[in-house]
Protein chains: 2
Amino acid sequence: MFFSHHQLNELPERYRVNLINALSGFKSANLVATSSKSGELNIALFSSVFHVGANPALMGMLSRPHSVPRHTLENILETGDYTINSVSEDMLAQAHLCSARSDRSESEFSLSHLDAHIIKGFSAPAIAQSPLQIGLRLKETIPIQTNDTVLIIGEVQHIFVPDEALHSDGFIDHGVMRSLTISGLDAYHSTTSLGRLPYAKKSQTLGEILGNMKK
Amino acid sequence: MFFSHHQLNELPERYRVNLINALSGFKSANLVATSSKSGELNIALFSSVFHVGANPALMGMLSRPHSVPRHTLENILETGDYTINSVSEDMLAQAHLCSARSDRSESEFSLSHLDAHIIKGFSAPAIAQSPLQIGLRLKETIPIQTNDTVLIIGEVQHIFVPDEALHSDGFIDHGVMRSLTISGLDAYHSTTSLGRLPYAKKSQTLGEILGNMKK
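These numbers were taken from a predicted model, which means no experiment stands behind them.

Considerations on the pairing of strand S6 (residues 57–63) of chain A
Residues and elements named next belong to chain A.
And step 1. With respect to burial, S6 is a largely interior element, seven of its seven residues being buried.
And step 2. Counted between consecutive antiparallel strands, the loop separating strand S5 (residues 50–54) from S6 contains two residues.
And step 3. By the bridge criterion, six bridges tie S6 to strand S11 (residues 149–160) in an arrangement that is antiparallel. Following the sheet pairing, Met61 is matched in S11 by Ile152.

Structural notes on the relation of the copies chain B and chain A
And step 1. With an RMSD of 0.0 Å, chain B superimposes on chain A once it is rotated by 180° and translated 0.0 Å along the axis. Between the two chains, the operation in question is that of a two-fold axis. In terms of proximity to the rotation axis, the leading residue of chain B is Thr191(B), whose C-alpha is 2.1 Å off the axis.

Topic: the pairing of strand S3 (residues 30–35) of chain B
All names here are of chain B.
And step 1. Counting buried positions along S3 yields six of six residues, so the element is predominantly enclosed.
And step 2. The alternating pattern of S3 places Asn30, Val32 and Thr34 and Leu31, Ala33 and Ser35 on opposite faces, both of which are buried.
And step 3. Note: S3 against strand S4 (residues 41–46), six bridges, orientation antiparallel. Bridging across to S4, Ser35 finds its partner in Leu41.
And step 4. Adjacent in sequence and paired antiparallel, S3 and S4 are bridged by five residues, among which Gly39 carries a positive phi angle near 95°.
And step 5. Across four bridges, the pairing between S3 and strand S7 (residues 81–86) is antiparallel. Paired with Val32 across the bridge in S7 is Ile84.

Observations concerning the pattern of salt bridges
And step 1. This structure, assessed with the given rule, holds 14 salt bridges over all chains.
And step 2. A salt bridge links Arg178(A) to Asp90(A); the shortest N-O distance between them is 3.0 Å. Of this pair, Arg178(A) sits in the loop between S11 and strand S12 (181–183) while Asp90(A) sits in the loop between strand S7 (81–86) and helix H4 (92–97), and the two are 88 residues apart along the sequence.
And step 3. On the basis of relative accessibility, which here comes to 39%, the residue Arg178(A) falls in the partly exposed class.
And step 4. The class for Asp90(A) is exposed, based on a relative accessible area of 60%.
And step 5. Across the pair Lys202(A) and Glu106(B) runs a salt bridge, and its minimum N-O distance is 2.7 Å.

Rules behind the numbers
Residues numbered from 1 in each chain as written. Chains lettered and ligands numbered in written order. Predicted model: local features only at pLDDT ≥ 70, side-chain atom pairs only at ≥ 80, totals over all residues. Heavy atoms only, no water. Buried < 20%, exposed > 50% of the residue type's maximum accessible area, 1.4 Å probe, protein only. Helix = DSSP H or I, 4+ residues; strand = E, 2+ residues; numbered from the N terminus. Pairing = 2+ DSSP bridges. Least-squares fit on C-alpha atoms with pLDDT ≥ 70 in both. Salt bridge = Lys/Arg side-chain N within 4 Å of Asp/Glu carboxyl O.

Read these as layout, nothing more, since geometry by itself doesn't imply function.
What follows is the structure in structure tokens.
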């Protein structure tokens, strides 16, 4: 099937949203937890968290102003702190429930039966059920002019990672944690490891590359 | 295992790179293809392509100035056009080879035995072997001050998608295309669909959410 620019513009809204959301491929599944200054806790499901840089350790995520109330962004701007928590297969229903619309006074912690993991001196709660819990401090908010979204960049402050998922070279095994991946707006997937590949050299044949795969 | 901010700063460089790159979870696997003004073709493997918005249809990706020569960014700035091509399991070795360092005059098309799919009136080649081929035009480049990376935002101009992967509501099934997902710097994974979930309502129980899953 081919869609031209003109055809894309003529698509029914819902069809277009499903199509365009699926273009990039697989996305990360993370719960972002925050607290307002007055202590109201919030969780939101984000599929847009991505790696920005390792030194300094930076992560980015997109916030859409119009589609949902921006409790997460408001809280981050108020306190500067937030946590990113990976979603494992066991947490699928709870994570999905965190994407439901709710008032600011209703915490997704109670709606979704998730427990707050409070870290001393850090104002955002982590999610106790999440295997990988990352504390971040806001570094930059960058407006994307073209569609009025905001890119939130934070610096990693601390990390909780299960011993059994941490390899000796620092790699975190999301397979061991049974982390989910999302495609499109609403599709969830588990994963199967194919292996890790050493740094590629242009002199290698395709067979040599696959032969070097570490399972 | 717990890493404090101080401990993160003390980690050996390679360990730190592996750890921080794995934090966000699963990433998309895409080949970005471009042409220079003088017609030199380039392919680079990106794990940072993400959805920005559906209307207008926007996709983003990060370019790191220091780690690799920026042939992709240079070509995009020269011509305005680029293609994003999903990586299927069959293309794993070829995609990985596209991450090898090479001179601008050496095309990854010949190094990796990939074929250019040329679209009339569009200066960037697509990758014939890729099931999902997306043509984009540069919309904005946004500098991320904190670590000197560049966010490239493009608007979708056209899409080739296999009929068998396109659902009646516009959803693209990456499982059918056997798209890969990446974690960390170098780990590749296939996926298994758990299903799609209808829009969540806060009144639902966790059991009701899972009961509504469309397999």
